[in-house]
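Summary of the model geometry
Here are the chains, one letter per residue:
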Amino acid sequence: MRFGDFEVTLINGGNFRLDGGAMHGVVPKTIWNRLVSCDDHNRVEYATNCLYVEGRGKRFLVETGNGSKFPEKEREIYGIAQDECVEMQLRARGIDPLSIDYVLMTHLHFDHSGGCTRRTSSGFELVFPRARHVIQRGEYHDAVHAHERNRASYLEENLTPLAAAHALELVDGEVEVSPGVRVLPTPGHTAHHQSIAFDDGHGQRLLFFGDVIPTALHLRLPFIMAYDLDVVATLESKRRLLEKAKSEKWLLVFGHETETQAGYLGFDGKNNPIISESVSLD
Ligand SMILES: [Zn+2]
């Protein structure tokens, strides 16, 4: 899809399944299960949406999905299909991973950073060796100093190879990474989570939320994942983003949505925020 100076393509890095209770926080199953269905292990299916963006002489990839390194046991737990990883999806579209200039990740949990590295006979190597991997400095610090509450989400195989190859570009706060491409702090899910914005040069903005609002259902303010480290910070990040999204008519993109992956904000008859005009980013 054309978005001003940029050509934008949504690529699903592969579906996986997460516990429906954990995904909806304090919202009881009697409510969320009317809106999304789950399997007999209580798991809901999610996408790991990545955004491939080309424009102004550069190639960008937002998020990298689960990647292709999970052993059989984890693949079963999370229902991961490895043959759908973002590297394969890019190659299938004729895009060489070597040609990516920037990898922009909202945070370093495995379902966002797993596609950065691949397994070799002797260890791990970068999938996008030429790219600057842009992340908030605080997020990288928290990832390498994980604690009991978030340790399962940060995998060394997704972190060490990036640092060893000096491929990280650690930033502080809101930064214009490249003309028209910004990272915006949206704390809550992690303390230094960021969302990614593309400004088309004609007053229009596309926002990739990341896990601050992972699906269209999470547009509703109380729908906040139990994984979030600071729920009230997430609530405030959401409130702030939704006000701007409404007044400035941002094109919104969801990282884990399998159905309505992108569109414009509207409200239903009960004043719940919804996507009222969906947009295909093929
Ligand atoms: Zn996630």
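Structure: see above.
All of the points below concern the structure found in this document. (Residues numbered from 1 in each chain as written. Predicted model: local features only at pLDDT ≥ 70, side-chain atom pairs only at ≥ 80, totals over all residues. Heavy atoms only, no water.)

Here we look at the packing of aromatic side chains
- For the coordinates displayed, the defined rule picks out eight aromatic pairs.
- With centroids separated by 6.4 Å and ring planes inclined at 75°, the aromatic side chains of Phe6 and Phe60 adopt a geometry described as edge-to-face. Taken together, the residues span a long stretch of sequence, with Phe6 in strand β2 (residues 6-12) and Phe60 in strand β6 (residues 58-62) at a distance of 54 residues. Accessibility assignment for this pair places Phe6 and Phe60 in one class, buried.
- Taken together, a centroid distance of 5.5 Å and an interplanar angle of 15° make the contact between Phe60 and Tyr102 stacked. Residue Phe60 is found in strand β6, and its partner Tyr102 is found in strand β7 (residues 102-104); the two are separated by 42 residues along the sequence. In this structure, Phe60 and Tyr102 share a single accessibility class: buried. (Phe/Tyr/Trp six-rings, centres within 6.5 Å; stacked < 30°, edge-to-face > 60°. Helix = DSSP H or I, 4+ residues; strand = E, 2+ residues; numbered from the N terminus. Buried < 20%, exposed > 50% of the residue type's maximum accessible area, 1.4 Å probe, protein only.)

Quick notes on the pairing of β2
- When you tally the buried positions in β2, you get five out of seven residues, the bulk of the element.
- With two bridges joining them, strand β1 (residues 2-3) and β2 adopt antiparallel strand pairing. The partner of Arg2 across the bridge, within β2, is Glu7.
- Summarising the sheet, β2 and strand β5 (residues 49-55) pair through seven bridges and their orientation is antiparallel. (Pairing = 2+ DSSP bridges.)

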